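What the coordinates show
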Amino acid sequence: MAVYDGIADWFDRTRTRELIEKPYLDLLVQMLKRGASVLDVGCGTGEPILRFLVERQFRVTGVDASAAMISIAAGRFPEARLMVGDMRELALDETYDAAILWHSLFHLQHEDQRAMFAALARLLNPGGVLMFTSGSEYGETWSDNGGAMLYHAALDLREYRSLLEANRFEVVKLAVDDAACGGATVWIARRQ
C-alpha cells in the first residue's frame, strides 16, 4: 500500500520491536529445516519479524507495497532479498518453504483476500507452512495510523478455514483474538 510511503518513518518509530509474535514464530521455526526459504509478505521495515528470520539464517524474501518501507528494510538487512510489490500480483521466480503475512492480508478487500489463498498455495512447496493474521469476524473498518487512514477487512473464521482447506492447507494452529499478541487472530497451516 503506497499510503505507507507517507508514514514509513512514523511506522518504524512506533512499531514495537518486542516479539509479541515469538510463540508463533518459534512454532514456525520448529516446522522448518535449517536454511529454509521464507517469504515475508508485507514485511514493512523488517522489524521485528524479518530480523527474527534473518538471525535464524533462513533465506528470506521480503515483499512490501511501500517503497519507503523496503528502503528502510534494505538498509538493515542486506542479506535478505527485498522487493516492492503488490501481494495480489506476486510473480516470483521460486517457491518457498514458508510464507508469513503478519498484519498484511487484512489490508485487502474480501474478494482479494479470498484469491490470495490459491496464490499462496502456488508459492509454497509441498509441506510448506503458511502463517497469517486475520480478524475474527466478518467486516470492514478504517483506522488512523500516523495520520493516514488504513483499510482493514476480515472474513469470518469459518470462511478462512474453508479457503485453507479448499487450497489443500491443513490448519495446525489457530489462536483467536490472542490478547498476549495484541489481539491478533493467528493461523498456522501446512500445505499438503
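Figured I'd write up the structure that's included with this text. Here the residue numbering is sequential within each chain, running from 1 through the sequence in written order. Under the rules for a predicted model, residues below a pLDDT of 70 receive no local features and side-chain atom pairs below 80 are neither given nor counted, while totals for whole chains, interfaces and linings still include all residues. Working from all heavy atoms in the structure, the side-chain values ignore hydrogens and water.

**Section: the nonpolar core**
Counting residues in each nonpolar core, the largest one holds 28 residues, and the members touching the most others are Tyr24, Leu28, Leu32, Leu53, Ile100, Trp102 and Met131. Of all the elements in the fold, those that place two or more residues in this core are helix H2 (22–31), helix H3 (49–55), strand E4 (96–101), strand E5 (124–134) and strand E9 (184–191). Segments assigned H or I by DSSP are reported as helices when at least four residues long, segments assigned E as strands when at least two residues long, and all are numbered from the N terminus. Looking at this core element by element, the count peaks at 5 residues for H3. Any two residues whose heavy atoms approach within 4.5 Å at even a single point are treated as in contact. Those residues in contact with Trp102 that sit more than four places away from it in its chain are Arg15, Glu21, Tyr24, Val41, Gly42, Ile49, Met131, Thr133, Cys181 and Val186. With 26 residues, the next largest nonpolar core counts Met116, Leu124, Leu155 and Trp187 among its residues. Residues belong to a common nonpolar core when they are buried Ala, Val, Leu, Ile, Met, Phe, Trp, Tyr or Cys residues joined through side-chain atoms within 4.5 Å. For every residue, the accessible area obtained with a 1.4 Å probe (protein chains only) is divided by the maximum for its type, and the residue is called buried under 20%, exposed over 50%, and partly exposed between those limits.

**Section: the sheet that holds E5**
Ordered in space as E3-E2-E1-E4-E5-E9-E8, the 7 strands form an open sheet in which the pairing is mixed. Looking at which strands have only one partner, the edges of the open sheet turn out to be strand E3 (81–84) and strand E8 (169–178). Between one strand axis and the next, the sheet turns through 15 degrees on average, direction left out of account. Here, strands pair whenever DSSP counts at least two bridges between them. Here strand E2 (residues 59–64) runs beside E3; their pairing, made up of 4 bridges, is parallel. Across the sheet, Gly62 pairs through a bridge with Leu82, a residue of E3. Where helices are involved, their axes are fitted lines through C-alpha atoms of the stretch in contact, as for all axes, and angles between N-to-C directions lie from 0 to 180°. Helix H5 (residues 110–123) rests against strand E1 (37–41), E4, E5, E8 and E9 of the sheet, and its axis sits at about 140 degrees to E5.

**Remarks on unusual backbone geometry**
One can expect most non-glycine residues to show negative phi and most peptide bonds to be in trans. Of the consecutive residues Glu47 and Pro48, the connecting peptide bond is found in the cis state with omega at 0 degrees. Mapped onto the secondary structure, Pro48 falls in the loop between E1 and H3. We note that His103 has phi near 55 degrees; this positive angle belongs to a residue other than glycine. Its location among the elements puts His103 in the loop between E4 and H5. Accessibility expressed as a relative area gives 35% for His103, which makes it partly exposed. With phi around 65 degrees, Arg168 is a residue other than glycine that occupies positive phi space. Its place among the elements puts Arg168 in the loop between helix H6 (157–166) and E8.

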